[in-house]
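Inside the fold
The residues making up each chain are set out below.
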Amino acid sequence: MLQDAGYNFIWAFFMSIFVYAGSMQFMLVTLLAGAQSLMNTFVMTLFINGRHLFYGLSFIEKFREMGKAFPYMAFSLTDETYSVLCSLKVPEGLNEKKISFLISLFDHIYWITGSVLGALIGQWLSFDSTGVDFSMTALFVVIVVNQWLENKKHFSTLTGFLTALLALALLGPDSFLLPALACSTILLIVFRKQADDKPREEEEAKA
Amino acid sequence: MTHSILIIAVSALTTMAIRFFPFLVFGKRKVPEIVQYLGRVLPVPLWQHWWYIV
């Protein structure tokens, strides 16, 4: 796509290093090709990557303990890395911080390598990639099923399912995500007793 | 070319600002209990919402 818009692999390389956001990089090709304004770029980035605001909430304490790696861990919290880190179970005897850092780093390296190779050789490769995009959906399904089996309470799962469905029906696929997330957040705060698997008393005792 | 570089720079800086925002807001303060709770329960709805997009 980038080559078609007149940009070579060097652009793909730097975009993947500094932007490092799949759907936004696809959008950037359109923004670059149309020489869009910087304000448009800012607003589009805000809307497309806005969900990443919620990702950091799960890792504030954990990343803080990672010292010098902390800024990189916050920067590299993409959809894929977030999913893997959330479901990470480190075997005893291994260093969780080191493993989390390496997962983030390798995800980034894979992304840069894939983008550059795609820009370099993509135009000569012709194969039917129909269905490959389903791998992300499959990953999310597996993680949610796993969470369902592990958790005693299923309120958050049901909330996510219903708010997404409702927002999708009301707002359509282009603009449902952030309102659905906002509704989920409000419902989870209001119905905290029903949703939280880890009671407050247990946390306070731990602290 | 300069404009193209600026487009990428704006997108990169905005993405970084979004990702750093929760960490900057709470800085070195103790993370409020309600935020810790949301950090535990929000991942599931987030993944589900993505089913409809990807």
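What comes next concerns the included structure. Here the structure is a predicted model, which is why all the values come from computation and not from measurement.

For the rest of this paragraph, the subject is the overall build of chain A. Each helix and strand counted, chain A has 13 helices and zero strands in total. Projecting the C-alpha coordinates of chain A onto the three principal axes gives extents of approximately 60 × 50 × 35 Å. Of all intrachain contacts in chain A linking residues separated by at least 6 positions in sequence, the fraction that spans at least 24 positions is 63%. Carbon and sulfur atoms make up 68% of the accessible area of chain A, which totals about 12000 Å². If you average the places of the 14 positive and of the 18 negative side-chain charges in chain A, the two averages end up 9 Å apart.

With that settled, the discussion passes to the nonpolar core. Ranked by size, the top nonpolar core spans 31 residues in total, and within it Ile60, Phe63, Leu77, Leu85 and Leu188 of chain A carry the most contacts. Of all elements in the fold, only α4 (52-57), α5 (60-64), α6 (70-75), α7 (79-86) and α11 (177-190) of chain A together with α1 (2-26) and α2 (33-41) of chain B reach the threshold of two or more residues within this core. Among residues more than four places away in sequence, those in contact with Leu188 of chain A are Phe155, Ser156, Thr159 and Ala195 of chain A together with Tyr37, Leu38, Val41, Leu42 and Pro45 of chain B. Formed by 17 residues, the second largest nonpolar core is a distinct cluster that contains Ala12, Met24, Leu31 and Leu32 of chain A.

Now for the interface of chain A and chain B. With 74 residues of chain A at the contact, the number on the chain B side is 47 residues. Carbon and sulfur atoms supply 73% of the area that chain A and chain B bury against each other, a total of about 5500 Å² over both sides. Counting the contacts that link chain A with chain B gives one salt bridge. Here Arg192 of chain A and Glu33 of chain B are joined by a salt bridge, their closest N and O atoms 2.6 Å apart. One can count nine residue pairs in polar contact (both at pLDDT 80 or more) joining chain A with chain B. Ranked by the residues each element gives to the side of chain A that touches chain B, the list is headed by helix α10 (residues 155-171) of chain A, at eight residues. Tallied by class, residues from the side of chain A that touches chain B come to 46 nonpolar, 19 polar and nine charged.

Moving on: unusual backbone geometry. In this model, Tyr20 of chain A sits at a positive phi of 45°, which is unusual for a non-glycine residue. Position of Tyr20 of chain A among the secondary structure elements: in the loop between α1 (9-18) and α2 (22-33).

Bringing the pattern of salt bridges into the picture now. All names here are of chain A. Scanning the entire structure with this criterion turns up three salt bridges over all chains. Across the salt bridge formed by Arg64 and Glu61, the nearest N and O atoms sit 4.0 Å from each other. With Arg64 and Glu61 both in helix α5 and three residues apart, the pair spans about one turn of that helix. The class for Glu61 is partly exposed, based on a relative accessible area of 32%.

For any two helices packed against each other, one specifies the crossing angle of their axes together with the interaxial distance. Look at α2 of chain A against α1 of chain B: their axes get within 10 Å of each other, and the N-to-C directions meet at 150°. Judged on the interaxial angle alone, α1 of chain B and α2 of chain A are roughly antiparallel. Crossing of α2 of chain A over α1 of chain B shows right-handed handedness. From α2 of chain A, Met24, Leu28, Leu31 and Leu32 of chain A reach across to α1 of chain B, where they touch Ser4, Ile7, Ile8 and Ser11 of chain B. Looking at the contact of α2 of chain A with α1 of chain B, its residues break down into six nonpolar, two polar and no charged.

A word on the environment of Leu38 of chain B. Inspection of the secondary structure puts Leu38 of chain B in helix α2. Exposure remark for Leu38 of chain B: the relative accessible area of 8% places this residue in the buried category. Taking C-alpha positions, Leu38 of chain B is 16 Å from Arg19 of chain B, a pair spaced 19 residues apart along the chain. Once residues lying within four places of it in the same chain are set aside, the contact partners of Leu38 of chain B are Thr185, Leu188 and Ile189 of chain A together with Pro43 of chain B.

Rules behind the numbers
- Residues numbered from 1 in each chain as written.
- Chains lettered and ligands numbered in written order.
- Predicted model: local features only at pLDDT ≥ 70, side-chain atom pairs only at ≥ 80, totals over all residues.
- Heavy atoms only, no water.
- Helix = DSSP H or I, 4+ residues; strand = E, 2+ residues; numbered from the N terminus.
- Contact = heavy atoms within 4.5 Å.
- Areas by Shrake-Rupley, 256 points an atom, 1.4 Å probe, with all protein chains shown as cover.
- Lys, Arg positive; Asp, Glu negative; His and termini not counted.
- Charge placed at Lys NZ, Arg CZ, Asp CG, Glu CD.
- Core = buried A, V, L, I, M, F, W, Y, C linked by side-chain atoms within 4.5 Å.
- Buried < 20%, exposed > 50% of the residue type's maximum accessible area, 1.4 Å probe, protein only.
- Buried area = accessible area lost by both parts, 1.4 Å probe.
- Salt bridge = Lys/Arg side-chain N within 4 Å of Asp/Glu carboxyl O.
- Polar contact = N/O pair within 3.5 Å; in protein donor to acceptor, adjacent residues only side chain to side chain.
- Nonpolar A, V, L, I, M, F, W, Y, C, P; charged D, E, K, R; others polar.
- Axes fitted to C-alpha atoms, helices over the stretch in contact; angles between N-to-C directions.
- Parallel < 35°, antiparallel > 145°, perpendicular 65-115°, else oblique.
- Left-handed = near helix turned anticlockwise from the far one by under 90°.

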